[in-house]
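# Examining the three-dimensional arrangement
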Amino acid sequence: MQNLNVNEGVCVVEVSSCILCGNSGVVRYTNLRDRLFNSPGFYTVIECPACSLLWLSPRPFMEDIQKIYPKPSNGHLSPNIIEYHGMRSILKNAILATKFHYTKLPSTHWQKIVGKMISILRPLRKKVELSIMYLNGRGMGRLLDVGCSTGEFLVKMRNLGWEVFGVDIDKNAIKIARDHNRLGVFEGTLEQARFSDNTFDAVTMSHVIEHIADPVQTLKETYRVLKPGGQLVITTPNMYSLCHKIFGSSYYHLDIPRHFYIFSPHSIRSCVERAGLKILKLNTFSKDLISTYQASKGIQKNGRLDGYYVKKRNGIIFQSITGCLLQGPVNVASRFKDIGEEIVVIAKKPILGK
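Residues numbered from 1 in each chain as written. Predicted model: local features only at pLDDT ≥ 70, side-chain atom pairs only at ≥ 80, totals over all residues. Heavy atoms only, no water.

### Here we look at the packing of aromatic side chains
The description of an aromatic ring pair rests on the distance of the ring centres and on the angle between the ring planes. The condition is simple: Two rings belonging to Phe, Tyr or Trp (six-membered ring only in the last case) form a pair when the distance between their centres is within 6.5 Å. Interplanar angles under 30 degrees mark stacking, angles over 60 mark edge-to-face geometry, and anything in between is tilted. Only DSSP runs of H or I with at least four residues qualify as helices, and only runs of E with at least two residues qualify as strands; both kinds are numbered from the N terminus onward. Whether a residue is buried, partly exposed or exposed follows from its accessible area with a 1.4 Å probe, protein chains only, as a fraction of its type maximum: under 20%, in between, or over 50%, in that order. A ring is scored as having a charge over it whenever the NZ atom of a lysine or the CZ atom of an arginine sits within 6 Å of its centre and within 35 degrees of its normal.
Tallied over the full model, the rule gives 4 aromatic pairs. Taking 5.5 Å as the distance between ring centres and 70 degrees as the angle between the ring planes, the aromatic pair formed by F165 and F200 counts as edge-to-face. Taken together, the residues F165 in strand β8 (residues 163-168) and F200 in strand β10 (residues 200-206) connect sequence positions 35 residues apart. Note on F200: relative accessible area 1%, which makes it buried. Between F195 and F200 the ring centres are 5.0 Å apart and the planes differ by 90 degrees, which places this aromatic pair in the edge-to-face class. The exposure class of F195 is buried, given its relative accessible area of 18%. Pairwise contacts between aromatic rings join F165, F195 and F200 into one cluster. In this structure, R33 is placed above the aromatic ring of F42, and the distance from its NZ or CZ to the ring centre is 4.1 Å. Over the ring of Y223 we find K349; its NZ or CZ atom is 4.8 Å from the centre of that ring.

### Details of the nonpolar core
Using the following cut-off: Take the buried Ala, Val, Leu, Ile, Met, Phe, Trp, Tyr and Cys residues and link them wherever side-chain atoms come within 4.5 Å; each set so joined is a nonpolar core. We call two residues contacting when some pair of their heavy atoms lies within 4.5 Å.
In this structure, L219 and V272 are the most contacted members of the largest nonpolar core, which totals 58 residues. Beyond its immediate stretch of four places on either side in the chain, L219 contacts M205, I209, L232, I234, C271, V272, A275 and L277. Ranked by size, the runner-up nonpolar core spans 29 residues in total, among them L96, C148, A202 and I346.

### Looking at the pattern of salt bridges
Spelled out, the test is: Any carboxyl oxygen of Asp or Glu that lies within 4 Å of a side-chain nitrogen of Lys or Arg is treated as forming a salt bridge with it.
Inspection of the entire model under this criterion finds 12 salt bridges. One salt bridge connects K67 with D64, and the closest N-O pair in it is separated by 3.4 Å. R224 is the partner of D197 in a salt bridge, and the nearest nitrogen-oxygen pair spans 2.5 Å. Here D197, found in the loop between α6 (190-193) and β10, pairs with R224, found in helix α7 (residues 215-225); they are 27 residues apart in sequence, far enough to count as distant. Since its relative accessible area comes to 46%, D197 is described here as partly exposed.

### As for the sheet that holds strand β3 (residues 26-32)
Let me state the cut-off plainly: A strand pair is defined by DSSP finding two or more bridges across the two strands. To obtain an axis, a line is fitted to C-alpha atoms, over the contacting stretch when the element is a helix, and the angle between two such axes runs from 0 to 180 degrees between their N-to-C directions.
A sheet is described by the order of its strands in space; here 4 strands give the open sequence β3-β4-β5-β12, paired in antiparallel fashion. This sheet does not close on itself; its edge strands, each paired only once, are β3 and β12 (261-263). Ignoring strand direction, the axes of neighbouring strands in this sheet form an average angle of 15 degrees. Pairing geometry for strand β5 (residues 53-57) and β12, over 3 bridges, is antiparallel. Its bridge partner being in β12, W55 is matched across the sheet by Y261.

### Some words on the sheet that holds strand β11 (residues 226-237)
Taken together, 7 strands build an open sheet; the order of strands is β9-β8-β7-β10-β11-β14-β13 and the sheet is mixed. Two strands bound the open sheet, and with one partner strand each, they are β9 (185-187) and β13 (278-285). Direction aside, the axes of adjacent strands within the sheet are offset by 15 degrees on average. Contacts from helix α5 (residues 171-179) reach β8 and β9, with the element oriented near 160 degrees to β9.

### Observations regarding unusual backbone geometry
Negative phi values dominate among residues other than glycine, just as trans dominates among peptide bonds. Along the chain, S57 connects to P58 via a cis peptide bond; the corresponding omega equals -5 degrees. For P58, the position within the fold is in the loop between β5 and β6 (59-60). Of note, the amide linkage connecting I256 to P257 takes the cis form, showing an omega dihedral of -5 degrees. By the secondary structure assignment, P257 is in the loop between α8 (242-247) and β12.

### Some remarks on the confidence of the model for the protein chain
In regions of low pLDDT, the predicted coordinates are not meant to be interpreted in detail. Going by this rule: On a scale of 0 to 100, pLDDT captures the predictor's confidence in every residue.
Overall, the predicted model of the protein chain reaches an average pLDDT of 85, with 79% of residues at or above 70. Scored below 50 in pLDDT, residues 73-85 makes 29 contacts in the model with residues more than four places away or belonging to other chains. Within the model, the stretch residues 307-321 combines pLDDT values under 50 with 18 contacts to residues more than four positions away or in other chains.

Take a look at the structure:
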């Protein structure tokens, strides 16, 4: 990285070339500001046509990274985040126990039968699967969540039986994770944590890799700390998503200037494979198409998001209907074409000799 500058009080560096092929790319969007939290600075999004990758330039320097992030809520989760009452929780736990082998969850004979029956419903099964980041209970052991924030996901997985660890650069989020959620988490990057080789059975990165300055290097570190046969699960916004195609520079998941990259299935595959990991599954999905559509529409109409939902309630009703009409067809189409709002990658560290 070169050309250290100051962008309205934020120390930034110009990023002139693609991390995958070294080409300079072309300008996709320019003169963009933070539309969510009003952090300072003007930014450009550059595209590498060869690698199907978008990146931010200039990019905030690590020492000033806290200036572009909002402070997390002081709210926290109860240690008993897994609820064992209420129909919704009963159904979810039934699926977890029968389909994903979380056998320690309390379940009666009839709940197991119901779990097997409702697991046939793909949308419901996928929603539950995403909530546990695609991790099967049969592989339980040590779990590391990179970018754990205040630790909601880790609390959930701890209650399901995993031994959990986390890392995050946000000191305010780390404090909540430690003080309120009683988690052992490291403040800093994965590289700075210096875990021993072959430590974890699973590593998760939920909407994290797009925030990392050198994703390939971080994935190589993930490879090092995973046990042979251990799994990595990534979710990240999709460059080819339907909402990005519709809204362009107003797309909510551009999230200027916090997202350093927006990947395509091709470019995220290249990053993961360069780290030595073997991809087991890679596809797109649309969990929150309606809210992404609404947020992107708000940015398009208002120039930013805050206050939009209060001022434009009538429009929100129309947009909710539009989003609902899109949700089903997009979910179906995502099985054949990469237009889902998010990419999921499931990869493993190869076992030598296998």
